[in-house]
Amino acid sequence: MSAVLAPTVQTAGLVIEFSGVGQTFTSSDGRPVVAPQDVNLGLRRHEFVSGVGPSGCGKSTLLRLVGGLLAPTSGTVSIFGMPVTEPRDEIGFAFQKPTLLPWLDVLDNVTFPMRHKYGRVDARDTARASDLLAVTGLTDFARKRPAELSGGMQQRVAIARALLHDPDILLMDEPFSALDALARDEMSFELVRIWSERPKTVVFVTHSIQEALLLSDRIVVMSARPGRVAEIIDVPLPRPRNLATLSDPVFTHLANEIRVKVFSRQPV
Ligand code: ADP
Ligand code: MG
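Residues numbered from 1 in each chain as written. Chains lettered and ligands numbered in written order. Predicted model: local features only at pLDDT ≥ 70, side-chain atom pairs only at ≥ 80, totals over all residues. Heavy atoms only, no water.

Okay, the side chain of Ser-78 next. Mapping Ser-78 onto the fold places it in strand β6 (residues 74-79). Each residue touching Ser-78, except ones within four places of it in the same chain, is listed here: Val-15, Ile-16, Glu-17, Pro-83 and Val-84. (Helix = DSSP H or I, 4+ residues; strand = E, 2+ residues; numbered from the N terminus. Contact = heavy atoms within 4.5 Å.)

See the structure below:
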C-alpha cells in the first residue's frame, strides 16, 4: 500500500467532536421536529468519515453544526477542543446545491472565497484554481458562466471552490448527487487522490453506500428521525481503492450490512 495513498489516521486529539448533540426545529405547523438526537462521535485527524441514513434524519444539520452555520439546541460540537460558535476559515464546505455566482465565470467562482476574504486574488490562488479545474475536468470551461454548464459541472466547480484554500476540514453534503454514475465514480477517486495528497479531515454525507465504502475510513449509519447514530462501521478495505474494490468480498458484505440498516428505517 502506498504511503501517499494512505494517510495515517492519528489518534492523538479529536478534530471534530459531537457531544450529546441534538437539534429541535419548529415545523411550519408549529410542531417540534427533532433531528438529529443525542449524537456522540469523535473524528480523528485526517480521517475520512461518511454519514448515511434515511432522508430527514439530520445529516445536513450535523454538517451545518460543524460548519458553524447553526447552533445546536442541545449538546456541543467542538473543533480542536473548542466549541463551534461561528464559521471558521479552516473549513471547506461543498453543499448539495452548487450555489455559484451567476455573473462570474468558472475560474472567478472558484477563486471567489479569496476575493471575498482578502479583497484580491493572487497568482498562487489562480494557479491553484486552474489545477483544481484540471482535476475536475473543467479546464475548457474556465471562462464560461455557470448557466453554460450542466448541473454536474456546476457541482464540480463548487467542489473545486471548497478545495481552493486547502482546508483542514472538508464538509461535503451529497456533493456528487447531481453527477451521472460514471462521473460520480471518477469524482470519488479524484477526491480520494486529493485527500491523499493533501490530507484533511472529511465529513461526507451521501445516499450512496458504494460511494461511502470507496471513500471512507469509517461510516456512520444513522437511524430514521429523530436521527441517532445507529452504528459506526470501520471500513478495512485496503487503499488505494479502485474498481476492483467493488468485487472485494468485504465490500459486498459491508454494503449489504449497511443497506439493511439504512432501509430498515427504524428509529433506535
Ligand atoms: P437530512 O440531511 O438527513 O435529509 P436534514 O438535516 O436536512 O436531514 O433535516 C432534518 C430534519 O429537520 C428534516 O425533517 C427537516 O425537514 C428538518 N429541518 C431542517 N432544517 C429545518 C428548518 N430550518 N426548519 C424546520 N425544519 C427543519
Ligand atoms: Mg441532507
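In this section: the environment of Thr-245. Along the chain, the position of Thr-245 falls in the loop between β12 (229-234) and α7 (249-264). Under the relative-accessibility criterion, Thr-245 is labelled buried at 7%. Each C-alpha atom, one on Thr-245 and one on Leu-213, is 9.2 Å from the other, the two residues being 32 residues apart in sequence. Setting aside its immediate chain neighbours within four residues, Thr-245 contacts Leu-214, Leu-237 and Phe-251. (Buried < 20%, exposed > 50% of the residue type's maximum accessible area, 1.4 Å probe, protein only.)

Here the structure, examined in full by the defined rule, presents 1 cavity of 30 Å³ or more. Space inside the largest cavity adds up to approximately 120 Å³. Those elements giving two or more residues to the lining of the largest cavity turn out to be β4 (39-45), β5 (48-52), α1 (59-66), β10 (201-205) and β11 (218-222). (1 Å grid on protein atoms, 1.4 Å probe; cavity = no way out; pocket = protein on both sides within 12 Å on 5 of 7 lines; lining within 4 Å. Points joined across faces, edges and corners; volume = space filled by probe spheres on them.)

Relative to the helices and strands, Asp-125 is located in helix α3 (residues 123-135). Of the side chains bearing the opposite charge, Arg-124 lies closest to the buried Asp-125, which forms no salt bridge; the N-O distance is 5.3 Å. Dropping the residues within four chain positions of it, Asp-125 is found in contact with Thr-111, Met-114 and Leu-164. (Lys, Arg positive; Asp, Glu negative; His and termini not counted. Salt bridge = Lys/Arg side-chain N within 4 Å of Asp/Glu carboxyl O.)

Consecutive side chains of a regular strand alternate in pointing toward one face of the sheet and then the other. The buried fraction of strand β9 (residues 169-173) is high, at 5 of 5 residues. Because side chains alternate across β9, one face comprises the buried residues Ile-169, Leu-171 and Asp-173, and the other comprises Leu-170 and Met-172, equally buried. Where strand β8 (residues 91-94) and β9 come together, 4 bridges link them in parallel fashion. From the neighbouring strand, Gly-92 faces β9, where its bridge partner is Leu-170. Across 5 bridges, β9 lies against β10 in parallel orientation. Its bridge partner being in β10, Leu-170 is matched across the sheet by Val-202. (Pairing = 2+ DSSP bridges.)

The strand order across the open sheet formed by 6 strands is β8-β9-β10-β5-β11-β12, and the pairing between neighbours is mixed. With one partner strand each, in any of the chains shown, β8 and β12 form the two edges of the open sheet. Across this sheet, the average inter-strand angle for adjacent strands is 15°, counted without regard to direction. Relative to the sheet, α1 contacts β5, β8, β9, β10 and β11, its axis offset from that of β9 by approximately 155°. Lying over the sheet, α7 contacts β5, β11 and β12, oriented at roughly 175° with respect to β12. (Axes fitted to C-alpha atoms, helices over the stretch in contact; angles between N-to-C directions.)

With that out of the way, let us pick up the pattern of salt bridges. Using the criterion set out here, one finds 16 salt bridges in the structure. Across the pair Arg-31 and Asp-29 runs a salt bridge whose closest N-O atoms are separated by 3.1 Å. Look at Arg-31 and you get exposed, because its relative accessible area is 56%. Classification of Asp-29 as partly exposed rests on a relative accessible area of 48%. Salt-bridge contacts for Glu-231 lead to Lys-261; the nearest nitrogen and oxygen are separated by 3.1 Å.

So far we have only geometry, and geometry alone does not tell us how the molecule works.
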